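Here's the letter readout for the chains.
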Amino acid sequence: MIVVLNLPVPDDHRVWAQAQALRDDGVSVTVVCPAIRDKRPGKATIDGIDVEYFPSFEGAGRLGTIVEGAWTTFASTRAARRALRQPASARMVQVCNPPDMLFRLLSRARRRGCWTVYDQHDVVPALAGSRPAFQKLERLFLACERKTVAAADVVLTPSSEQVERLRQLYGREAVVVRTASVVAGERTETREDRDTTVLGYLGVIGEQDGVGDLVEAVDLLRGRGVTGFRVEVAGDGPALAGVREQVAQRGLGELVHLRGWLGPEQIGAFLDEIDAMTVPDPDIEFNHYCAMNKVTHAMARGIPVVLRPLRENSRLVADSGVVAEDQSLPAFADALETMIGLPQKERAAIGERLHEIFEAELSWEKSSARYLEAVSPARRG
């Protein structure tokens, strides 16, 4: 049983890939997740995987987010405990954050003889510390994280930076399981030189994701007289309304297109459309721990990446990609301008190097093997 609080499956690519890996290994899998983004409460079976969608909502603002976290903790725990009472109950219980509120469920499952797994998607205390409205809760989230780590037989993370942090804070070794790309493989289109360079952004649009900075950088480029480009933004989140207003106020509607959330079946076509992926995430502690999906999606597809020098992302791209000289907005705009000015052959060469790194180190084929080994005590039971 895998319990996730903030996204449903199959939209949560990481959880869905893990569930599919277990299914393909002959294991019966149940995913407990929220009924949001067009999902309805109740039970379903998708591609041989049982899913229980509990009623939920996406909170906005400080109070809405706190209420959402409290509700999803209660609702998911109730659904998971109900499943654990069944005669053929789970041998392995995996909980995923954010938030880190399921330590009691893990402790209960461990007492019942289950193998317990904590999959730390995000460093929640660092995320809280980066948002003024949540800074007072940072100590609470740190305490919850400590309890969750203690209740787990094995800890997973998608990031080498998170591994080092967990080792330093708690003396725990974690297993790096990279997040699966649902679009790995070659592009389905041949890129030709053209008049307009299409820069892309793919992912959640929250306070910590820097999409507002991307809009500011586009405004800087326009002020410099840079032409021949546009930005396609695919994603949704609590900061989308603010970004939309920012684009309108600055008169950037012809340069920045906001596409909304894309489903898994739409992402491949979006990636075929763009010439480079932008990673505008700013210099906050939380972002340095993140192995960002938009980076690995681009690498899997052989798409060049232009990014700020965040530690984990810099590790992912090694010496490839176009990395801003520093974390400032002008430096990021400089990096975007460099990418826009590159000939298509140079962009293709960067993309090819990134694809080689992905295949050698980051592919789901390698991560799924590590994942199955990490949960193997449950599989052997």
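This is a predicted model, so every value here is computed, not measured.

Visitor: Tell me what's going on with the sheet that holds strand 6 (residues 115–119), and back it up with residues and numbers.
Guide: Strand order in this open sheet of 8 strands is 3-4-2-1-5-6-7-8, and the pairing throughout is mixed. In this open sheet, the two edge strands, each paired with only one partner strand, are strand 3 (42–46) and strand 8 (174–176). When strand 3 meets strand 4 (residues 49–55), the two strands line up antiparallel, connected through 5 bridges. What sits directly across from K43, in strand 4, is E52. Together, strand 1 (2–3), strand 5 (92–96) and strand 6 form the strand contacts of helix 3 (residues 103–111), whose direction differs from that of strand 6 by roughly 160°. Sitting on the sheet, helix 5 (residues 138–151) touches strand 5, strand 6 and strand 7 (154–157), and the angle it makes with strand 6 is about 145°.

Visitor: Residues and numbers for the packing of aromatic side chains, please.
Guide: According to the stated counting rule, one finds 1 aromatic pair in the structure shown. The interplanar angle of 45° and the centroid separation of 5.6 Å between the aromatic rings of W71 and F74 together place this pair among those described as tilted. One end of the pair, W71, and the other, F74, are both in helix 2 (residues 61–84), 3 residues apart, so they sit about a helical turn from each other. A cation sits over an aromatic face here: R165 above Y289, 5.8 Å from the ring centre. A cation sits over an aromatic face here: R311 above Y289, 5.8 Å from the ring centre.

Visitor: Give me the lowdown on the sheet that holds strand 10 (residues 229–234), citing residues and values where you can.
Guide: Strand order in the open sheet formed by 6 strands is 11-10-9-12-13-14, and the pairing between neighbours is parallel. With one partner strand each, in any of the chains shown, strand 11 (256–260) and strand 14 (322–323) form the two edges of the open sheet. Bridge analysis of strand 13 (residues 305–307) against strand 14 gives 2 bridges, and the strand direction is parallel. The residue of strand 14 that forms the bridge with V306 is V322. Here helix 11 (residues 293–301) sits on the sheet in contact with strand 9 (197–202), strand 12 (276–279) and strand 13, set at roughly 165° to strand 12.

Visitor: Please set out the pattern of salt bridges residue by residue, giving values where relevant.
Guide: Summed over the entire model, instances satisfying the criterion amount to 24 salt bridges. A salt bridge links R23 to D24, with the nearest nitrogen and oxygen atoms 2.9 Å apart. Two residues, R178 and E312, come together in a salt bridge whose shortest N-O distance is 2.9 Å. Within this pair, whereas R178 is found in the loop between strand 8 and strand 9, its partner E312 is found in helix 12 (residues 311–317), the two being separated by 134 residues in sequence. Note on accessibility: R178 and E312 belong to one class, buried.

Visitor: Explain helix 14 (residues 344–362) to me, using residue names and the numbers behind them.
Guide: Here helix 14 spans 25 Å end to end across 19 residues, near enough to the 27 Å set by a 1.5 Å rise per residue. By the burial criterion, the buried members of helix 14 are Q344, R347, I350, G351, L354, H355, I357, F358 and L362. Each buried residue of helix 14 lies within a common arc of 160° when the element is viewed along its axis, so the set occupies one face. Across from the buried face of helix 14, at angles greater than 90 degrees, the exposed residues are K345 and E352.

Visitor: Summarise unusual backbone geometry; cite the residues concerned and give the values.
Guide: In this structure, P10 follows V9 across a cis peptide bond, with omega equal to 5°. Checked against the element boundaries, P10 lands in the loop between strand 1 and helix 1 (13–24). Geometrically, the link from P98 to P99 is a cis peptide bond, its omega value of -15° lying close to zero. Of note in the backbone geometry, D38 takes a positive phi value of approximately 75° without being a glycine. By the element assignment, D38 lies in the loop between strand 2 (30–35) and strand 3.

Visitor: Explain the environment of L262 residue by residue, including any values.
Guide: Here L262 shows up in the loop between strand 11 and helix 9 (264–273). For L262, a relative accessible area of 13% gives the class buried. Each C-alpha atom of the pair L262 and T278 lies 17 Å from the other, and the pair is 16 residues apart in sequence. Aside from chain neighbours lying at most four places away, what touches L262 is A234, I267 and F270.

Visitor: Before we move on, could you go through the packing of helix 7 (residues 211–224) against helix 8 (residues 240–249) and cite the residues and values that matter?
Guide: Remark: helix 7 packs on helix 8, axes separated minimally by 9 Å, with the N-to-C direction vectors making an angle of 10°. What the angle tells us is that helix 7 and helix 8 run roughly parallel. For the pair helix 7 and helix 8, the contacting residues are V211, G212, V215 and E216 in the first and V243, Q246 and V247 in the second. Taken together, the residues that form the contact of helix 7 with helix 8 break down as 4 nonpolar, 2 polar and 1 charged.

Visitor: So what's going on with the environment of L372? Residues and values would help.
Guide: Summarising the element assignment, L372 is placed in helix 15 (residues 364–374). Residue classification places L372 among the buried residues on the basis of a relative accessible area of 15%. Separated by 354 residues in the primary sequence, L372 and Q18 place their C-alpha atoms 8.5 Å from one another.

Visitor: How would you explain helix 2 if you had to name every residue and give the values?
Guide: An α-helical segment advances 3.6 residues per turn. Residues three or four places apart therefore align on the same side. The terminal C-alpha atoms of helix 2 lie 34 Å apart, and with 24 residues this matches the ideal 34 Å at 1.5 Å per residue to within 8%. Those residues of helix 2 that fall on the buried side of the exposure criterion are G64, E68, G69, T72, T73, A75, S76, T77, A79, A80 and L84. Buried positions along helix 2 lie against strand 1, strand 2, strand 4, strand 5 and helix 3.

Visitor: Summarise the side chain of D219; cite the residues concerned and give the values.
Guide: Inspection of the secondary structure puts D219 in helix 7. For D219, the residues in contact, after removing those within four places along its chain, are R250 and L252.

Rules used in this analysis
Residues numbered from 1 in each chain as written. Predicted model: local features only at pLDDT ≥ 70, side-chain atom pairs only at ≥ 80, totals over all residues. Heavy atoms only, no water. Pairing = 2+ DSSP bridges. Helix = DSSP H or I, 4+ residues; strand = E, 2+ residues; numbered from the N terminus. Contact = heavy atoms within 4.5 Å. Axes fitted to C-alpha atoms, helices over the stretch in contact; angles between N-to-C directions. Phe/Tyr/Trp six-rings, centres within 6.5 Å; stacked < 30°, edge-to-face > 60°. Lys NZ or Arg CZ within 6 Å of the ring centre and 35° of its normal. Salt bridge = Lys/Arg side-chain N within 4 Å of Asp/Glu carboxyl O. Buried < 20%, exposed > 50% of the residue type's maximum accessible area, 1.4 Å probe, protein only. Expected span 1.5 Å × (residues − 1). Arc of directions from axis to C-beta. Parallel < 35°, antiparallel > 145°, perpendicular 65-115°, else oblique. Nonpolar A, V, L, I, M, F, W, Y, C, P; charged D, E, K, R; others polar.

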